[in-house]
Structures are given as C-alpha cells and as structure tokens.
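Fold and contact review
Here are the chains, one letter per residue:
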Amino acid sequence: MTNIFSSNKSPEREMEAQFLTLSRKLEGREWWLWGFAVAVTLMLTAGIVSLTLPQFRPDSESYWLDLKEWVRALSCLVLLFDIYTMYQQLLLQRIRRKLAERDRLFQVITENAADMIAVIDAEGRRIYNSPSYEKVLGYSQQELKSTSSIEQVHPEDRPRLMEAATKARLTGRGERLEYRIRHKDGSWRILESTASVIQDPAGGTHNLVVVNRDISERKWAEDQLAHNALHDALTNLPNRTLFLDRVQHSLTLSQRHPRYQFAVLFIDMDQFKLFNDSLGHTAGNELLIQIGKRLNASLRGSDTLSRSGLPEESAMLTSEAGLARLGGDEFTVLLEDIRDSSDAIRVAERIQERLALAFRVSSQEVITSASIGIAFGAASYAASEELVRDAEIAMYRAKRQGKAQCRVFDQAMHESAMNRLRLETDLRRALESGEFRVHYQPIISLENERVVGFETLSRWQRPTGLVPPSEFIAVADETGIILPLNQALLREACGQLRQWHSQFPSQPALRISVNITPRQFAQEDLAGQMAAILKETGIAPQDLDVEITENIAMEDADKSAGVLGELKALGVHLSIDDFGTGYSSLSRLQSFPVDAVKIDRAFISKMCLDAESSEIVRIIIVLAHNLGMSVVAEGVESAAELQQLRAFGCEMAQGYFFSRPSDSESANAFLRSRQAVNPSGSSVLQAQL
Ligand code: C2E
Ligand code: CA
Ligand code: CA
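An account of the accompanying structure is given in this report. (Residues numbered from 1 in each chain as written. Chains lettered and ligands numbered in written order. Predicted model: local features only at pLDDT ≥ 70, side-chain atom pairs only at ≥ 80, totals over all residues. Heavy atoms only, no water.)

Details of helix α9 (residues 272-279)
Residues that lie three or four places apart on an α-helix share one face, since the helix turns once every 3.6 residues. By the burial criterion, the buried members of α9 are Phe272, Phe275 and Asn276. The arc enclosing the buried residues of α9, seen along the axis, measures out at 100 degrees, which places them on a common side. Those residues of α9 that are exposed and aimed more than 90 degrees away from the buried face are Lys273, Leu274, Asp277 and Ser278. Each element contacted by the buried residues of α9 is listed here: β6 (263-269), α10 (281-299), β9 (359-361) and β10 (364-366). Phi turns positive one or two residues past the end of α9, at Gly280, with a value near 100 degrees. (Buried < 20%, exposed > 50% of the residue type's maximum accessible area, 1.4 Å probe, protein only. Helix = DSSP H or I, 4+ residues; strand = E, 2+ residues; numbered from the N terminus. Arc of directions from axis to C-beta. Contact = heavy atoms within 4.5 Å.)

And the structure:
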C-alpha cells in the first residue's frame with residue numbers, strides 16, 4: 001500500500017509520471033489544435049462569404065475552377081484535422097480511463113485497508129481520510145474533517161510530527177515516525193506513520209499522503225517484554241540487571257558530585273530455606289511477595305533520609321530509593337543521596353523492625369527476620385557489581401553474628417574477601433598446573449604392629465612452601481574445586497596402592513583411606529564415580545576406606561543412610577572420622593553400615609592428662625565393639641597414649657608417634673623398614689616401648 005505513495009522510484013511511480021507528462025503534452029496540443037481549427041473555420045467561412053458578395057463575382061471559368069481547387073484543398077485540410085483530433089481524443093480517453101481506474105483502485109484500497117490513510121494539505125487539514133480512521137480511533141468523518149490533523153496528537157509528540165511534515169515537504173521524502181494519538185474514548189494509541197509527498201501540477205509539494213498504522217498492541221507487547229527482562233516475575237520488583245544499572249548510575253553521579261553519597265543494602269531473610277521446605281513452595285512465594293511489599297512500604301517516605309541538598313539535576317535523578325529482588329530471598333536497596341552512614345543504618349534498622357512483625361501466610365502466622373549488609377558507594381568502585389558484592393559480604397558477616405543483624409562493609413572484610421578471591425583463583429590455577437600432592441600417613445595395627453594402610457592427605461605445593469589442607473580444603477569445597485581435586489587424588493593413591501600391593505603383599509592387603517567433604521558427599525553419583533576409578537586403576541573395593549566425618553553423616557541422616565548404603569554395596573570399607581566431636585551417639589550410628597570409627601585426636605591427646613577423656617575413649621571403644629565396629633585412634637603422639645589404647649583393646653592407631661604424613665617416597669621407606677623388620681608380625685612396638 002505504502003508503495004503507491006512512496007517517494008522511491010518504483011515502476012508504478014514511473015508509469016504514473018509518464019501518464020502525467022503524456023496527458024500534459026496532449027492537453028497542450030489540444031489547445032493548439034482548437035486554435036488552428038477555429039482559425040481555419042474562420043478563414044473558410046470568410047472566403048466563402050466573400051465569394052457570395054456581388055462585387056467579387058467574376059465571370060471567368062478559371063476563377064470558379066480556382067475556387068473549387070481552393071475549397072477542395074481546404075476540405076482536405078479539415079478532414080486531416082478531424083482525423084488527427086479523433087486520434088488525440090482516443091489517446092486522451094485511454095489515459096483518462098487508466099487514471100479513473102487508478103482512482104478506483106486507490107479508493108478500494110484505502111477504504112478497505114486496516115491502515116489509516118489521510119491526505120493532508122499545507123495547513124494541516126485532512127482533505128481525505130480513509131474509513132479505517134473511524135474504526136481505529138473512533139472519530140467520525142465529520143469530526144476528522146472539522147479538526148486539524150495535529151489536534152488529536154499527544155502534545156509531546158506534536159513538534160516532532162510537524163518537523164517531520166516540513167522536512168517531507170522540503171525533501172519530498174517522508175520518514176517513518178511513531179507518535180501517540182488520542183482515541184475518542186480518551187485513551188492513547190500509538191501509530192506508526194509514513195508520509196509521502198504529492199506533487200502538484202506546478203511541481204510544488206504541499207499535500208502529504210500519510211499512512212498510519214496502529215501499533216499499540218505490538219508496542220505494549222514490546223514494552224511488556226522489556227519490563228520482564230528487567231523485573232522479577234514473582235514480586236514485580238526490579239531485578240539484578242536493572243538494579244546494577246541503577247547502582248552504576250549512582251556511581252557515575254558520585255564521580256561528578258563529590259558531595260553525593262549513596263549506599264547499597266543487601267537483605268537476606270534468616271532461615272528462609274527452612275520455612276520454604278516446611279511450608280512448601282507456594283507459601284514461600286507468598287511470603288516473598290509480602291516481604292517485597294513490606295520493604296517497599298518501609299522505604300516510602302523521606303523521613304528516614306536527610307538529603308545533602310544537591311543541585312536540582314541530581315536531586316531529580318535520585319529521588320527514589322531503588323528496591324530490587326536479586327533472586328531467592330535476597331533483596332537489595334539503593335539508597336541515594338544520603339548524608340552519612342547513619343542514614344543507611346537507620347534505614348536498615350527500620351527495615352528489620354518492619355520485617356520482624358508477623359506475616360500471615362496460608363492462614364499461618366510466620367515470624368521471620370532479616371540480616372542486612374551495607375556497602376557505601378565510593379570512587380574506588382569501578383563497577384556496580386563490586387559494590388553489591390561487598391554489601392553481600394557484609395550481609396554474610398551479619399549472618400555469622402546471628403540472626404537479625406546488620407553489618408557495614410569495612411576494610412578488614414575487604415581484605416579477607418580479597419584473600420578469599422585470590423585463593424579461589426589460585427586454587428583453580430593450581431589444579432590446572434598440578435600443584436597438589438598426596439601425602440600418606442600410615443595406620444598401624446596394634447595387634448601385630450604392621451601397617452594396615454595409609455590415610456591420604458592433600459598438600460598444596462606452592463613456591464612459598466607446602467600448604468596444609470586446613471588452609472584450602474574448605475574453600476575448595478565451597479567452590480566445588482574439591483571434586484576434580486579429590487578425583488585426581490584418588491586416582492593417584494590407587495596407582496600407588498597397586499604398586500605397594502605388588503611390592504609388599506600381605507593378608508589382608510594394604511588399604512588406603514580417603515576423606516570426603518560435604519560437597520563430595522552431596523554428589524549424585526559418588527559411589528559410581530569411585531567405582532569407575534577403582535576399576536580403572538585395578539583396585540578391589542575392599543582395599544579402599546572411605547572416611548566420612550560424624551558431622552557430615554549426621555546432617556541429613558536419611559540421605560546419609562542412602563549414600564552410605566550405595567558405598568557399602570560397592571564393597572568399600574566405611575569409617576566415621578573425627579568421632580566424638582559431633583553431637584551424635586554411637587547408637588545413632590548403628591543404622592549406618594559403618595565398619596570403623598576413628599576417635600578424634602582431641603580425646604587421644606588429653607587421654608593421659610585427664611581421666612574423663614580417658615574414660616570417654618574407653619567407652620567409645622567398648623560401644624563400637626558392641627556394634628561390631630573396629631576402632632582407629634587418631635593423633636597418637638606418645639608411647640603412653642599407645643599403651644592405654646592397647647589396654648582398652650583399640651585395634652588400630654595413627655599419629656606422629658609412628659609417622660607424620662609424608663610423600664610416597666618416605667611412605668615407601670617406612671613400609672620397607674616396618675614390613676621387612678617385622679615380616680612375621682612380631683611386636684616391634686614392644687621393642688620401641
Ligand atoms: P583428618 O581426616 O582428621 O586427618 C588427620 C589430620 O591429623 C591430618 O591433618 C594429619 O596430619 C593430622 N595428624 C595425624 N597424626 C597427628 C598427630 O599425631 N598429631 C597431630 N597434631 N596431628 C596429627 P591434615 O593433613 O592437616 O588434614 C587436616 C584435615 O583436612 C583432615 O583431617 C581431613 O579432614 C582434611 N583433608 C586433608 N586432605 C584432604 C583431602 O584430600 N580431601 C578431603 N576431603 N579432606 C582432606
Ligand atoms: Ca580423615
Ligand atoms: Ca580425623
């Protein structure tokens with residue numbers, strides 16, 4: 001449709017131009033022909049009339065003859081003229097018919113098109129408007145005719161529209177434009193319009209053909225999509241992207257105005273997970289919606305903040321406190337233009353007060369609290385993410401202090417966070433470049449003093465020295481690096497064990513123990529992965545001992561029973577590590593298919609110093625035996641400790657007294673000396689004691 005009017009050189013347009021020139025030419029010729037016809041007719045009439053006058057009536061024959069010739073010639077001329085006129089007439093008729101056909105076509109198209117088509121004159125009046133105007137905008141033809149074409153346009157869009165019309169008239173080329181127009185019912189519709197210029201016969205361009213399309217629905221859908229991309233679907237609050245954008249804006253502003261201060265609050269609900277798990281997802285969502293509303297309400301009103309009185313421009317930009325939901329139970333607030341840190345703390349406290357009031361969810365009363373971390377905007381921040389991250393770190397600190405606390409991010413937090421970040425990257429790099437080593441600590445049978453196996457312990461070989469696991473295992477676990485790290489460790493230890501099996505055959509065969517972190521234990525297919533490595537390295541499952549701390553095993557007893565059951569089904573040996581440090585009792589361990597307990601070093605080291613510890617060790621050993629489990633004593637450092645353990649009937653021991661954890665070479669040497677000196681199993685220990 002728009003093609004017909006477009007100013008581009010389309011075939012239709014060229015044809016129309018040809019028609020116009022031809023008809024103009026024909027019209028010009030018509031004038032000439034009519035003039036000629038009148039002149040000839042006048043001449044002929046005058047000639048004939050003159051011949052009838054008496055004084056001009058000659059008698060000679062030749063005169064009449066000449067006159068006849070004259071008349072014949074003139075008649076021929078008139079005939080030729082008539083033929084030519086008829087030919088011209090035919091041409092004109094054809095052109096007029098074609099033009100009429102085009103007019104009809106134009107009419108049919110405009111009257112039936114969904115697009116609104118209008119012809120607008122130089123004064124902005126609609127000379128013509130298609131019926132779809134009425135359908136789309138509700139105005140009658142009469143109403144449209146009696147008003148200017150700009151009248152229903154949104155006042156803000158008018159200048160743009162007028163400018164575009166002027167430009168189109170000047171250049172002969174219209175641009176695509178979007179503007180708002182008022183529907184008769186008062187609502188605003190969005191139109192997309194293209195204007196084309198109609199050239200008048202003199203070549204001037206006063207009238208415009210405007211084709212308008214109602215794109216309100218498309219616009220609405222587009223706006224909705226844009227909104228969804230920046231808002232959280234559950235609470236309809238801004239999401240992380242939009243929030244970060246706002247924080248970035250504040251950062252830029254603070255660089256321009258040194259007096260401008262702002263803060264980010266990171267709010268996390270205490271024990272939301274517990275609530276969600278017990279009351280269900282729907283109730284959890286309902287609570288989050290209510291929290292969002294309450295946060296919004298507690299941020300409304302400016303009485304909490306004392307403004308610094310910035311110039312107009314910035315005050316306008318920072319007039320709202322931006323609340324967002326980052327996901328889960330995490331909300332953030334951007335506090336703009338605050339005077340000092342006390343402002344932010346006051347807001348945080350007010351939020352905590354409001355959130356502490358009971359919620360009603362699924363006809364139940366819910367009492368909850370929030371931990372809040374605060375970070376202040378500073379020129380040192382390059383990106384908004386950093387500021388939000390610091391607020392989050394402060395929130396974690398607040399959480400660690402207990403429930404419903406609030407902490408401000410400070411330098412010490414920054415340093416420990418940076419160290420932690422550095423550690424994470426270093427760990428990743430160390431894993432890639434193979435900086436982890438396996439150390440082995442022997443486990444000794446107290447019955448015959450032979451080595452029954454080795455516990456594998458990780459070490460990180462850094463240029464500065466050997467880093468103990470206490471400095472990296474927890475972070476490796478939290479970041480998930482522990483998974484590839486311990487897979488590699490198990491593979492290496494199994495390879496080592498194979499070597500020892502061939503070098504030091506014994507009955508039962510030597511065993512290796514591996515430690516399991518919470519992340520490893522939570523893996524979907526722990527047993528399957530271990531089975532694969534055992535198969536790959538040719539180690540029998542019973543030669544692998546898997547150590548799980550009491551705390552891990554007890555965290556979710558049902559789940560643990562399942563995982564331990566799978567490991568047991570695989571055929572590996574299972575031990576409970578660090579026994580005595582948790583809150584469980586041996587009888588609770590009864591339900592697990594465990595083979596041994598390892599008594600924590602803390603009890604062994606105090607055994608010879610206080611009677612209570614000694615008694616605890618004795619009881620653990622008795623109870624474990626009653627449950628059919630064997631016992632390993634950890635951290636044995638002295639002969640006295642060993643003697644007592646022996647007296648209590650403890651089967652195995654491990655500690656510096658025998659050997660510190662060491663690399664495979666030293667472990668090899670230890671094995672060689674021990675198994676060789678004591679091939680029959682006679683008591684080397686007795687000799688040492
Ligand atoms: P754990 O499983 O209780 O390992 C025993 C720890 O006690 C080892 O510390 C060992 O060096 C130390 N130890 C052994 N005998 C004595 C002794 O007589 N006196 C004293 N004071 N200490 C003794 P290490 O190697 O620093 O490991 C600490 C913990 O880190 C381990 O405790 C274990 O839970 C964890 N861990 C170490 N390596 C790994 C690993 O590769 N994977 C996993 N998941 N955890 C590991
Ligand atoms: Ca262990
Ligand atoms: Ca232990």
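Quick word on the packing of helix α18 (residues 526-537) against helix α20 (residues 557-570)
The contact between α18 and α20 brings their axes to 9 Å, and the two run at 25 degrees. The orientation of α18 relative to α20 falls into the category roughly parallel. The chirality of how α18 crosses α20 is right-handed. For the pair formed by α18 and α20, the contact residues are Leu526, Ala527, Met530, Ala531 and Leu534 on the first element and Val563, Glu566, Leu567 and Leu570 on the second. For the contact of α18 with α20, the residue count by class is eight nonpolar, no polar and one charged. (Axes fitted to C-alpha atoms, helices over the stretch in contact; angles between N-to-C directions. Parallel < 35°, antiparallel > 145°, perpendicular 65-115°, else oblique. Left-handed = near helix turned anticlockwise from the far one by under 90°. Nonpolar A, V, L, I, M, F, W, Y, C, P; charged D, E, K, R; others polar.)

Here's the deal with the pattern of salt bridges
Throughout the structure, instances matching the rule amount to 35 salt bridges. Of the charged contacts in the structure, one is a salt bridge between Lys167 and Glu175, with a shortest N-O distance of 3.0 Å. Residue class for Lys167 comes out partly exposed when judged on its relative accessible area of 40%. You can call Glu175 partly exposed: its relative accessible area is 46%. Lys598 serves as the salt-bridge partner of Glu547, at 2.5 Å between the closest nitrogen and oxygen. One end of the pair, Glu547, is in strand β17 (residues 544-549); the other, Lys598, is in strand β19 (residues 596-599), with 51 residues separating them in the sequence. (Salt bridge = Lys/Arg side-chain N within 4 Å of Asp/Glu carboxyl O.)

Concerning the pairing of β17
Residues in a regular strand point their side chains to alternate faces of the sheet. Counting buried positions along β17 yields six of six residues, so the element is predominantly enclosed. Side chains Leu544, Val546 and Ile548 project from β17 onto one buried face, and the interleaved Asp545, Glu547 and Thr549 project onto a second face that is buried too. Where strand β16 (residues 511-516) meets β17, five bridges bridge the pair, whose relative direction is parallel. Bridge pairing in β17 places Ile512 opposite Leu544. Here β17 pairs with strand β18 (residues 573-579) via five bridges, running parallel. Along β18, the bridge assignment pairs Glu547 with Ser575. (Pairing = 2+ DSSP bridges.)

Details of the sheet that holds strand β11 (residues 370-376)
The five strands are arranged β7-β8-β6-β11-β12 in an open sheet whose pairing can be described as mixed. Two strands bound the open sheet, and with one partner strand each, they are β7 (322-327) and β12 (406-408). Adjacent strand axes in the sheet meet at a mean angle of 20 degrees, parallel and antiparallel pairs treated alike. Pairing between β11 and β12: three bridges, direction parallel. Across the sheet, Gly373 pairs through a bridge with Arg407, a residue of β12. Helix-sheet contacts for α10 involve β6, β7 and β8 (330-335), and the interaxial angle to β8 is about 15 degrees.

A few points about the site of ligand 1
Around ligand 1, a shell composed of 23 residues is seen, among which Gln441, Ser458, Asn486, Glu637 and Tyr656 lie nearest. In this structure, a nitrogen atom belonging to ligand 1 sits 3.4 Å away from a side-chain N or O atom of Gln520. Within the contact set of ligand 1, an oxygen atom lies 2.8 Å away from a backbone nitrogen or oxygen of Tyr656. Against a free-state accessible area of 790 Å², the protein chains account for coverage of 83% of ligand 1. Elements with a minimum of two residues in the shell around ligand 1: β14 (451-462), α16 (482-503), β16 and β18. Sort the elements by how many residues they give to the shell around ligand 1 and β14 lands first, with four residues. Per-class residue counts for the shell around ligand 1 are eight nonpolar, eight polar and seven charged. (Near = heavy atom within 4 Å. Polar contact = N/O pair within 3.5 Å; in protein donor to acceptor, adjacent residues only side chain to side chain. Areas by Shrake-Rupley, 256 points an atom, 1.4 Å probe, with all protein chains shown as cover.)

Thoughts on the coordination of the calcium ion (ligand 3)
Around the calcium ion (ligand 3), the protein contributes the donor atoms Asp577 (OD), Asp578 (OD), Glu634 (OE) and Glu634 (OE), which lie 2.1 to 2.5 Å from the metal centre. Sequence spacing of the donors to the calcium ion (ligand 3): D-D-x55-E. The class for Asp578 is partly exposed, based on a relative accessible area of 25%. (Donors = N, O, S within 2.8 Å, 3.2 Å for Na, K, Ca; no water.)

Quick look at helix α12 (residues 341-356)
Compared with the 22 Å implied by 1.5 Å per residue over 16 residues, the 23 Å span of α12 between its first and last C-alpha is a close match. Among the residues of α12, those classed as buried are Asp343, Ala344, Val347, Ala348, Arg350, Ile351, Gln352 and Leu355. Looking at the buried positions of α12, the neighbouring elements they touch are β6, α10, β8, β9, β11 and β12. (Expected span 1.5 Å × (residues − 1).)

A few points about empty space enclosed by the protein
Counted by the stated rule, this structure contains three cavities of 30 Å³ or more. Empty space within the largest cavity amounts to approximately 90 Å³. As for the largest cavity, its lining consists of 14 residues, of which Ile443, Arg511, Ser513, Asp545 and Met652 are closest to the centre. Looking at the lining of the largest cavity, the elements with two or more residues in it are β14, β16, β17, β18 and β19. Of the residues in the lining of the largest cavity, the class split is six nonpolar, four polar and four charged. (1 Å grid on protein atoms, 1.4 Å probe; cavity = no way out; pocket = protein on both sides within 12 Å on 5 of 7 lines; lining within 4 Å. Points joined across faces, edges and corners; volume = space filled by probe spheres on them.)

Some details on the side chain of Glu330
Mapped onto the elements of the fold, Glu330 is located in strand β8. Of the side chains bearing the opposite charge, Arg240 lies closest to the buried Glu330, which forms no salt bridge; the N-O distance is 4.7 Å. (Lys, Arg positive; Asp, Glu negative; His and termini not counted.)

A word on the environment of Ala653
Relative to the helices and strands, Ala653 is located in strand β21 (residues 652-653). We classify Ala653 as buried; its relative accessible area is 0%. It is 8.8 Å that separates the C-alpha atoms of Ala653 and Pro442, two residues lying 211 residues apart in sequence. Those residues in contact with Ala653 that lie beyond four places of it in its chain are Pro442, Ile443, Ile444, Leu446, Val632, Ala633, Val636, Leu642 and Phe658.

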